[in-house]
Amino acid sequence: MAAVTDNVIHPAFEKLRSHRISTLNLDVEEYRHKKTGARHLHLAADNDENVFFVALRTFPMDSTGVAHVLEHTALCGSERFPVRDPFFMMIRRSLNTFMNAFTSSDWTAYPFASMNRKDFDNLLTVYLDSVFFSTLDPLDFAQEGHRLEFDKPDDPSSELVYRGVVYNEMKGAMSAPTSQLWQNLSSHLFQTTTYHYNSGGEPDHIVDLSYDDLVKFYRHHYHPSNAIFATYGNIPAYEHHEKFEELALKRFDRQEVKLPVHDEKRMFSPMRVEQGYAVSEGEDTEAKTHIVMGWLLGHSFDLQENLEGQLLSSVLFENSASPMMRALETTDIGHAPSPMCGLEDSNREMTFVCGIEGSEPGRRDDLEALVEQTLAKVVEEGVSAERLEAILHQLELHQREIAGDGFPYGLQLIMQSISPMVHGGDPVELLDLEPVLATLREKIKDPEYVPNLIRRKLLENPHRVTLTLRPDEKLEGAHQVALKESLAKRKASLTEEEISEIVERAKALEERQLRKDDDSILPKVGLSDVPLQMPEPEGKYDAETGATMYSRGTNGLVYQQIVLPVPALNEEELLLLPYYTTLISEVGCGELDYLQMQDRISAESGGIGASFIAKGQIDDVQAMSGYLIFSGKALARNSGALTQLLKDVYTGARFDEKERIREIIAQVRARREQAVTGSGHGLAMGAAAQGLSPGSWLSFRLGGLAGIRGTKELDKSLNDEAALEAFCASLAALHDRIRKQGRQFLLIGEEAQLAPMLDNVKTCWQGASSQPDGAWSIEPVSYKTQEAWLTSTQVNFCAKAYATVAVDHPDAAALTVLGGFLRNGYLHRAIREKGGAYGGGAGQDSVNGVFRFFSYRDPRFAETLDDFDAALNWLRTEEHEEQSLEEAILGVIGQLDRPHSPAGAARHAFHNNLFGRTPEQRARFRERVLKVTLDEMRRVADIWLKPEDASVAVVTSPENRKVAEQLGLSIQEL
């Protein structure tokens with residue numbers, strides 16, 4: 001199709017406006033579909049990664065999770081594509097850079113992104129049909145939502161149980177205390193609106209959702225008159241409109257979609273609530289209470305209100321020098337500020353939260369007094385002009401930065417725009433912050449501006465809830481007893497006909513899951529559509545400074561790294577590294593204490609930090625090298641200041657602020673403990689792989705389950721002054737060794753910025769000598785693991801791991817393709833569809849030389865471990881189609897070609913070269929991937945994936961201790 005000029009408008013649409021945002025290098029275009037009223041926001045940009053997003057406003061008025069279950073079920077087949085699982089089938093037949101669906105509190109969205117035009121059009125066809133012409137088969141509802149089933153589906157004498165993907169997903173999600181904290185706080189702040197309810201669904205309420213309710217909700221909400229389309233990239237809006245009209249919109253007329261949209265009724269005095277959350281029976285409950293205060297603010301879609309809320313959040317919480325953050329970090333009321341702290345502006349009305357975790361129920365009044373006193377002090381003393389300028393500087397920097405390393409940049413912009421579109425605001429205003437920042441700069445000249453905001457929005461605002469969420473070791477046991485009694489009562493009341501129906505539905509569902517659909521009706525890309533090689537950015541090297549420079553379109557930002565080899569460290573020093581890299585940007589430096597440094601970092605940069613990276617050689621995972629990296633970013637005008645800031649931290653960071661260090665370690669502990677239920681599959685894989693290579697051992701000890709346990713022990717030990725003194729001394733000694741290492745630099749910016757950046761480095765580092773302190777190495781590792789890690793969770797995370805090969809080994813490509821092949825062909829059906837887990841799969845990690853199976857938020861345990869073995873048996877004994885192989889290869893290529901932000905692509909290329917992953921090596925691996933055969937996959941499985949060689953790890957609840965012991969797993973307490 002020939003390119004269509006921007007001024008041609010499709011006859012089915014009317015153009016509402018066009019607005020250039022020069023700071024983002026894009027044009028925002030707004031359209032409305034004449035017949036249905038559907039809205040379309042198009043972000044026209046010179047970017048090949050095109051994004052599609054369609055959202056429906058969904059306002060559930062209960063906690064059955066109807067919108068969430070519908071999001072899943074809508075993707076299970078449609079009018080034009082009446083196959084059982086088009087969404088997951090398309091993942092395999094696509095070069096997408098992103099595919100997913102989201103359920104928010106008041107909208108449901110279906111986004112995807114692709115750099116391939118044919119692929120984009122394929123996905124658009126399937127997505128539009130899935131959203132607007134979904135089949136909604138009752139069996140898909142049973143699979144994805146919930147169903148009653150006998151524990152042995154064909155045996156009515158076995159117990160009655162609940163199963164379903166969303167049911168188990170939300171059991172996992174709501175295991176996290178922070179999830180319960182937010183949901184409970186919202187339910188009290190919002191008494192009468194949709195936000196009172198859990199849009200994802202409460203497991204005990206999900207089972208009350210009927211299929212008829214689901215269909216009714218779909219028919220009411222999934223209509224173009226209730227839809228918001230958004231696109232980003234270099235495909236003109238006209239071409240999108242042709243597709244929207246032809247594939248969906250022409251079949252609809254305008255419909256009045258009535259939704260319960262209204263503001264929350266205001267409270268006239270603060271409310272205090274205390275509730276429990278489940279911890280394992282016998283678990284220590286000391287210092288595990290969360291206490292938060294939440295206020296209801298104004299409309300999120302009112303730009304003035306929104307930015308005032310953001311300003312308040314930044315003034316109070318931006319960093320440790322901010323008054324409320326400092327108060328919460330230094331108080332003895334709890335261990336750390338709550339992760340809920342700050343502004344939540346995605347709902348119709350905004351929420352502002354202050355709080356603490358690691359506290360006791362009796363400290364509620366103390367927290368309220370501390371918060372009120374801190375707010376009153378800010379009102380009385382005001383906020384310095386320098387700090388307010390630094391906050392506006394951060395707003396400008398974040399608005400300018402082109403992100404997109406973990407999430408497509410265009411989708412991030414769309415996600416910023418969707419809330420005002422849902423609630424009746426202007427999406428352009430929140431994207432184009434330049435005029436707003438100019439207005440704010442004028443307002444903050446009035447010294448009473450911020451104090452008045454705090455007084456009006458917080459101190460004098462009676463719509464406030466203080467929630468105390470305390471640990472309760474009896475709660476889960478009582479809940480399980482009630483659930484079992486309820487199911488037993490239900491079973492006792494079943495008629496013969498109802499028993500027969502349950503058995504027959506289970507049988508029908510299994511038959512449907514095993515059915516081979518004709519997937520030829522789905523569009524696809526093939527290996528012929530795969531580009532031979534994706535271009536990589538090339539850097540220029542300056543021998544005098546050891547700097548590598550990359551010219552990239554960074555939209556007025558510069559990025560800088562100091563890269564140095566890790567010195568020779570013993571095991572004790574090695575285990576210090578995660579704390580060292582966390583603390584380096586949190587402590588004082590030179591003559592400045594940590595509070596002054598926090599202000600300096602905020603005023604001069606977009607943040608600095610340090611990280612440790614270690615990898616094996618491309619042909620030997622046992623031979624490792626490691627680097628410490630000091631990183632920072634800034635607006636181009638602050639390039640020189642950034643260079644000096646990084647040097648000062650690198651040379652002058654101090655570890656003598658003992659109380660500060662103790663506070664940060666307490667915060668690290670809280671964050672890492674909270675991560676378990678969200679990252680359980682990764683932690684289980686890490687535990688299973690710990691003994692199979694040095695890199696795996698290192699990950700397990702530093703960032704895995706052993707690392708979390710180590711952080712808990714460290715946090716407890718630092719209550720002893722002598723231990724704290726020794727810890728600080730160890731950090732100072734480590735820093736002294738690190739700063740003597742030889743250095744190289746990575747500089748990223750627009751072409752005009754590179755020469756000044758290089759000059760800054762030359763000037764700043766002139767005469768700075770280095771005395772390398774030996775080369776770090778790590779002993780080879782080889783042992784098997786059979787472990788069960790116990791923690792508070794309602795679901796399981798299972799993993800098996802095998803020692804395999806490094807990335808340049810001839811078998812690495814076949815093992816990499818095999819991971820996707822097993823997931824697509826066997827594991828998805830066995831673990832997710834039949835087993836009811838939220839997810840499961842397998843993959844080769846060539847950096848560490850391990851192949852890993854995993855399940856995520858899984859109701860099963862032993863059966864899933866058996867399924868991992870069954871997948872290998874399926875590979876060896878079944879006949880397989882070449883198309884399945886092609887789909888697995890496409891998946892690998894899609895991962896290899898996943899785009900990065902401009903700066904991220906440069907970092908990626910530089911770090912690859914640092915570890916010998918040269919363009920030549922990467923091209924060699926890509927070529928091998930494209931040539932993988934079915935026989936080769938069977939061969940590498942026979943060599944490397946022998947069940948008797950497997951290492952096993954499971955993250956599970958204490959209730960499964962006996963099952964774990966029967967399987968021969970050693971018990972590890974987290």
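Parameters and conventions
Residues numbered from 1 in each chain as written. Predicted model: local features only at pLDDT ≥ 70, side-chain atom pairs only at ≥ 80, totals over all residues. Heavy atoms only, no water. Helix = DSSP H or I, 4+ residues; strand = E, 2+ residues; numbered from the N terminus. Buried < 20%, exposed > 50% of the residue type's maximum accessible area, 1.4 Å probe, protein only. Contact = heavy atoms within 4.5 Å. Lys, Arg positive; Asp, Glu negative; His and termini not counted. Charge placed at Lys NZ, Arg CZ, Asp CG, Glu CD. Pairing = 2+ DSSP bridges. Axes fitted to C-alpha atoms, helices over the stretch in contact; angles between N-to-C directions. 1 Å grid on protein atoms, 1.4 Å probe; cavity = no way out; pocket = protein on both sides within 12 Å on 5 of 7 lines; lining within 4 Å. Points joined across faces, edges and corners; volume = space filled by probe spheres on them. Nonpolar A, V, L, I, M, F, W, Y, C, P; charged D, E, K, R; others polar. Salt bridge = Lys/Arg side-chain N within 4 Å of Asp/Glu carboxyl O. Parallel < 35°, antiparallel > 145°, perpendicular 65-115°, else oblique. Left-handed = near helix turned anticlockwise from the far one by under 90°. Core = buried A, V, L, I, M, F, W, Y, C linked by side-chain atoms within 4.5 Å. Phe/Tyr/Trp six-rings, centres within 6.5 Å; stacked < 30°, edge-to-face > 60°. Lys NZ or Arg CZ within 6 Å of the ring centre and 35° of its normal. Disulfide = S-S within 2.5 Å. Patch = residues over 30% accessible without salt bridge, like charges linked within 9 Å, V, L, I, M, F, W, Y side chains within 5 Å. Areas by Shrake-Rupley, 256 points an atom, 1.4 Å probe, with all protein chains shown as cover. pLDDT = per-residue confidence, 0-100.

Trainee: How would you explain the overall build of the chain if you had to name every residue and give the values?
Mentor: Counting its regular elements, the chain contains 35 helices and 28 strands. Referenced to the eigenvectors of the C-alpha coordinate spread, the extents of the chain come out at roughly 80 × 70 × 65 Å. Buried residues in the chain amount to 60% of all 974 residues. Residue pairs at least 24 apart in sequence account for 82% of intrachain contacts in the chain once pairs closer than 6 positions are excluded. Averaging the coordinates of the 101 positive side-chain charges in the chain and doing the same for the 146 negative ones gives two points 1 Å apart.

Trainee: Explain the sheet that holds strand S23 (residues 786-790) residue by residue, including any values.
Mentor: An order of S25-S26-S24-S27-S23-S28 is seen for the six strands of this open sheet, with the pairing classed as mixed. Each edge of the open sheet carries a strand with a single partner, namely strand S25 (839-845) and strand S28 (970-973). The average angle at which neighbouring strand axes cross in this sheet is 15 degrees, direction not considered. Looking at chain direction, S25 and strand S26 (residues 850-856) are connected through seven bridges and run antiparallel.

Trainee: Go over empty space enclosed by the protein, please, and point to the residues and values.
Mentor: This structure, assessed with the given rule, holds one cavity of 30 Å³ or more. In this model, the largest cavity occupies a volume close to 30 Å³. Taken together, Phe59, Thr193, Thr194, Tyr195, Pro260, Val261, His262 and Arg348 make up the lining of the largest cavity. Split into classes, the residues belonging to the lining of the largest cavity amount to four nonpolar, three polar and one charged.

Trainee: Outline the sheet that holds strand S17 (residues 540-542), supporting the account with residue identities and numerical values.
Mentor: With mixed pairing, the six strands of this open sheet are ordered in space as S17-S18-S22-S19-S21-S20. With partners counted over all chains shown, the strands left at the sheet margins are S17 and strand S20 (608-617), one partner each. Sheet twist, expressed as the average angle between the axes of neighbouring strands with direction ignored, equals 25 degrees. In terms of strand pairing, S17 meets strand S18 (residues 547-551) through three bridges, oriented antiparallel.

Trainee: Give me the pattern of salt bridges: which residues, what numbers.
Mentor: Two side chains with opposite charge may pair up if their charged atoms get near one another. Under the counting rule described, the total for this entry stands at 72 salt bridges. For Arg441, the salt bridge identified is with Glu389, shortest N-O distance 3.5 Å. Highlighted residues: Arg441 in helix H16 (residues 434-443) and Glu389 in helix H13 (residues 385-400), separated in sequence by 52 residues. With a shortest N-O distance of 3.2 Å, Lys834 and Glu510 are connected by a salt bridge. One end of the pair, Lys834, is in helix H29 (residues 812-834); the other, Glu510, is in helix H19 (residues 496-514), with 324 residues separating them in the sequence. For Lys834, a relative accessible area of 33% puts it in the partly exposed group. Residues participating in the shared-partner salt-bridge network are Glu389, Glu396, Arg400, Arg441 and Arg637.

Trainee: Now, about the packing of helix H21 (residues 594-604) against helix H22 (residues 639-652): what can you tell me, with residues and values included?
Mentor: Relative placement of two packed helices is described by the angle separating their axes and the distance separating the axes. Relative orientation of the contacting elements H21 and H22 amounts to 150 degrees, with a least axis distance of 10 Å. Between H21 and H22, the interaxial angle falls into the category roughly antiparallel. The crossing of H21 and H22 is left-handed. Seen from H21, the contacting residues are Met597, Arg600, Ile601 and Glu604; seen from H22, they are Ala641, Gln644, Leu645, Asp648 and Val649. Across the contact of H21 with H22, the residue classes break down as five nonpolar, one polar and three charged.

Trainee: Account for the pairing of strand S21 (residues 620-635), with residues named and values stated.
Mentor: Across nine bridges, the pairing between strand S19 (residues 557-565) and S21 is antiparallel. In the sheet register, Val563 faces S21, and the bridge partner there is Ile629. Pairing of S20 with S21, which is carried by ten bridges, proceeds in the antiparallel orientation. When the bridges of S21 are listed, Ile608 appears paired with Gly632.

Trainee: Describe the packing of H22 against helix H28 (residues 751-764), naming the residues involved and giving the relevant values.
Mentor: Running from N to C, H22 and H28 point in directions that differ by 35 degrees, and their axes come no closer than 9 Å. In the crossing of H22 with H28, the sense of the turn from one axis to the other is right-handed. Packed against H22, whose contacting residues are Ser639, Gly640, Thr643, Gln644 and Lys647, the element H28 presents Met757, Asn760, Val761 and Cys764 at the interface. Grouping the constituent residues of the contact of H22 with H28 by class yields three nonpolar, five polar and one charged.

Trainee: Just give me the short version of the nonpolar core, but keep the residues and values in it.
Mentor: Within the largest apolar cluster, 60 residues are counted, with the highest numbers of intra-cluster contacts made by Leu583, Phe612, Phe630, Phe727 and Trp776. Apart from residues no more than four positions distant in its own chain, Trp776 is found in contact with Val566, Pro567, Ala568, Leu569, Leu574, Phe612, Ala614, Met624, Ser625, Gly626 and Leu698. Core analysis: the next-biggest nonpolar cluster, separate from the first, contains 54 residues, Val126, Ile235, Leu249 and Phe252 among them.

Trainee: I'd like to hear about the packing of aromatic side chains, residue by residue, with values.
Mentor: Scanning the model with the defined rule gives 38 aromatic pairs in all. Relative to Tyr222, the ring of Tyr218 has its centre 5.0 Å away and its plane inclined at 45 degrees; by these criteria the two rings are tilted. Side by side, Tyr218 and Tyr222 carry an identical accessibility label, which is buried. Ring geometry for Phe700 and Trp789: centres 6.0 Å apart, planes at 80 degrees, overall edge-to-face. Residue Phe700 is located in helix H25 (residues 694-702), and its partner Trp789 is located in strand S23; the two are separated by 89 residues in the primary sequence. Judged on exposure class, the residue Phe700 and its partner Trp789 are both buried. Of the aromatic side chains, those joined through ring pairs into one cluster are Phe52, Phe87, Phe88, Phe112, Phe120, Tyr127, Phe132, Phe133, Phe229, Phe244 and Phe252. Between the NZ or CZ atom of Arg251 and the centre of the ring of Phe133, over which it lies, the distance is 4.0 Å. The residue whose ring lies beneath Lys647 is Trp765, and the NZ or CZ to ring-centre distance is 5.6 Å.

Trainee: Can you break down the state of the cysteines residue by residue, with the values?
Mentor: Going through the model one piece at a time under the given rule, you end up with zero disulfides. Here Cys354 stays unpaired: no disulfide links it, and the sulfur of Cys341, its closest cysteine neighbor, is 5.8 Å away.

Trainee: Run through unusual backbone geometry, naming residues and quoting values.
Mentor: Excluding glycine, most residues fall at negative phi; most peptide bonds, likewise, are trans. Backbone geometry at Asn25 places phi at a positive 55 degrees, although glycine is not the residue there. With respect to the element layout, Asn25 can be found in the loop between strand S1 (13-21) and strand S2 (26-33). On the accessibility criterion, Asn25 (44% relative accessible area) is partly exposed. Here the phi dihedral of Ala287 falls at roughly 55 degrees; this positive angle occurs in a residue that is not glycine. Inspection of the secondary structure assignment puts Ala287 in the loop between strand S11 (271-278) and strand S12 (289-299).

Trainee: Hey, could you go over the pairing of strand S15 (residues 349-359) for me, with residue numbers and the actual values?
Mentor: Taking burial as the measure, the eleven residues of S15 include eleven buried ones, the bulk of the element. Of the pairings in the sheet, the one linking strand S13 (residues 336-337) to S15 comprises two bridges and is antiparallel in character. Bridge pairing in S15 places Ala336 opposite Glu357. Bridge count between strand S14 (residues 342-344) and S15: three bridges; the pairing is antiparallel.

Trainee: Give a detailed account of a negative patch on the surface, specifying residues and quantitative values.
Mentor: Together, Asp62, Asp204, Asp208, Asp212 and Asp213 line one region of the surface with negative charge. Checked against the element boundaries, Asp62 lands in the loop between strand S4 (50-57) and helix H1 (66-74).

Trainee: Before we move on, could you go through the confidence of the model for the chain and cite the residues and values that matter?
Mentor: Across the chain, pLDDT averages 94, with 99% of residues at or above 70. Residue range residues 1-5 is modelled with pLDDT below 50. Its contacts to residues more than four positions away, or to other chains, number seven contacts.

Trainee: Just give me the short version of the side chain of Asp811, but keep the residues and values in it.
Mentor: Among the secondary structure elements, Asp811 is positioned in the loop between strand S24 (797-803) and H29. Take Asp811: its relative accessible area is 6%, and that puts it in the buried class. Not counting the four nearest positions on each side in its chain, Asp811 is found in contact with Val805, Arg939, Val940, Ile943 and Trp944.

Trainee: Give me the lowdown on the environment of Ile738, citing residues and values where you can.
Mentor: Looking at where Ile738 falls in the secondary structure, it is placed in helix H27 (residues 721-738). With 176 residues separating them in the primary sequence, Ile738 and Leu914 have C-alpha atoms 18 Å apart. Ignoring any residue separated from it by four or fewer positions in sequence, one finds Ile738 in contact with Leu564, Pro567, Leu577, Tyr580, Leu628, Phe630 and Tyr650.

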